[in-house]
Structures are given as structure tokens and as C-alpha cells.
Amino acid sequence: FRAAVISRYGERRCCLCDAPPEVIEAAHIVPVSDDGSDWGGNGLLLCRNHHALYDLGRWCLDPGQLEVVPASGHDLTSLQVQRSNVRHLKQGPDPVALQWRWEKWT
């Protein structure tokens, strides 16, 4: 899965910050436990911190605007988000997967 996500996005860096490559992980948008696949479009490259915060529901991506939306009680600064959207990616994440995650999150 990790290789497929790196191949999709082209470089091993967190899509939200400038963490070093050694701490980059592939995060499932739709978790495998919810029938998510290991296809690269169902993933995001995130540092360990942003991956954990994503899995905890502290932030989500707006599927229409690709903006990072913090959970209530949080903001981008407290989440240490340096890039407020993922429109800089050479290929975006799968819109269907993002919509699924958004609906579960909101």
C-alpha cells in the first residue's frame, strides 16, 4: 500500500507539513476495516503525527475543495498544519474515498 501511495503522489513527504521522509506513512482514507482498499488513491502520505490525528478525527479533508478542516476545538496551528489544502499534489486522492470519509466525519 505504501509503495502505491508514494507512486501516486511522487514524493515521500507529508501532504500537510515538511516532516522528514523517515517519518512518512501511508494513511488509508477509507480504512481497510471499513472495506477500504490498498489502491493508491485511497491513501494519503502523512507524517506520523498527522496520520494519528487523522485517525483520531481531529481533521478531515473537504472532498470538494480539498481543504483541511479541523475538528471543533482545534485549528490548523494547533494541529501543526503548514499546508491548508492538498491541491498541490500532482494527483488528488480518490474523490469517492474522500466523500466517504467526510460523511463519516461530519
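Structure first, text after, so check above.
Summarised in this report is the structure supplied together with it. Here the residue index of a chain counts from 1 through its sequence in written order. With the structure being a predicted model, the display of local features is reserved for residues of pLDDT at least 70 and the display and counting of side-chain atom pairs for 80 or more, all residues being used for whole-chain, interface and lining totals. As a rule here, side-chain values cover all heavy atoms of the structure and leave hydrogens and water aside.

1. Considerations on the environment of A3
Link 1 in the chain: Note on placement: A3 falls in helix α1 (residues 2-9).
Link 2 in the chain: Burial status follows relative accessibility: with a 1.4 Å probe on protein chains alone, a residue under 20% of its type maximum counts as buried, one over 50% as exposed, and anything between as partly exposed. On the basis of relative accessible area, A3 is assigned to the exposed category, the value being 60%.
Link 3 in the chain: In sequence terms A3 and P63 are 60 residues apart; their C-alpha atoms lie 24 Å from each other. Counting from the N terminus, the helices are the DSSP runs of H or I reaching at least four residues and the strands are the DSSP runs of E reaching at least two.

2. Details of helix α2 (residues 48-55)
Helical geometry note: an α-helix holds 3.6 residues per turn, so side chains three or four residues apart project in the same direction.
Link 1 in the chain: Three or more residues of α2 are buried, namely H50, H51 and Y54. When α2 is viewed along its axis, its buried side chains cluster within an angular range of 105° and face the same direction.
Link 2 in the chain: Here a residue-residue contact requires only that any non-hydrogen atoms of the pair lie within 4.5 Å. Check the buried side of α2 and you find it contacts β1 (24-28), β2 (43-47), β3 (59-61) and α3 (95-105).
Link 3 in the chain: Directly beyond the C-terminal end of α2, a positive phi value near 80° is found at G57. Throughout, the arc means that of the directions going from the helix axis to the C-beta atoms.

3. Observations concerning the side chain of R101
Link 1 in the chain: Checked against the element boundaries, R101 lands in helix α3.
Link 2 in the chain: Classification of R101 by relative accessible area gives buried; the value is 11%.
Link 3 in the chain: Apart from the residues within four sequence positions on either side, R101 is in contact with H28, I29, P31, Y54, D55 and C60.

4. Topic: the pairing of β2
Regular strands have side chains that alternate between both faces of the sheet.
Link 1 in the chain: For β2, a buried count of 5 out of 5 residues is recorded, marking the element as mostly surrounded by other parts of the structure.
Link 2 in the chain: The alternating pattern of β2 places G43, L45 and C47 and L44 and L46 on opposite faces, both of which are buried.
Link 3 in the chain: Two elements, β1 and β2, share 5 bridges in a ladder whose sense is antiparallel. Opposite A27, over in β2, you have L44 as the bridge partner. Two strands make a pair as long as DSSP finds a minimum of two bridges between them.

5. Things to note about unusual backbone geometry
Link 1 in the chain: One non-glycine residue, D35, lies in the positive phi region at around 70°.
Link 2 in the chain: Position of D35 among the secondary structure elements: in the loop between β1 and β2.
Link 3 in the chain: The phi angle at L66 is positive, at roughly 60°, despite the residue not being glycine.
Link 4 in the chain: In this fold, L66 is placed in the loop between β3 and β4 (68-70).
Link 5 in the chain: Residue class for L66 comes out buried when judged on its relative accessible area of 18%.

6. What to know about the nonpolar core
Link 1 in the chain: Nonpolar core, defined: a set of buried Ala, Val, Leu, Ile, Met, Phe, Trp, Tyr and Cys residues in which side-chain atoms within 4.5 Å join the residues together. Residues L16, L44, L46 and W59 are the most contacted members of the largest nonpolar core, which totals 27 residues.
Link 2 in the chain: Every element with two or more residues in this core is listed here: α1, β1, β2, β3 and α3.

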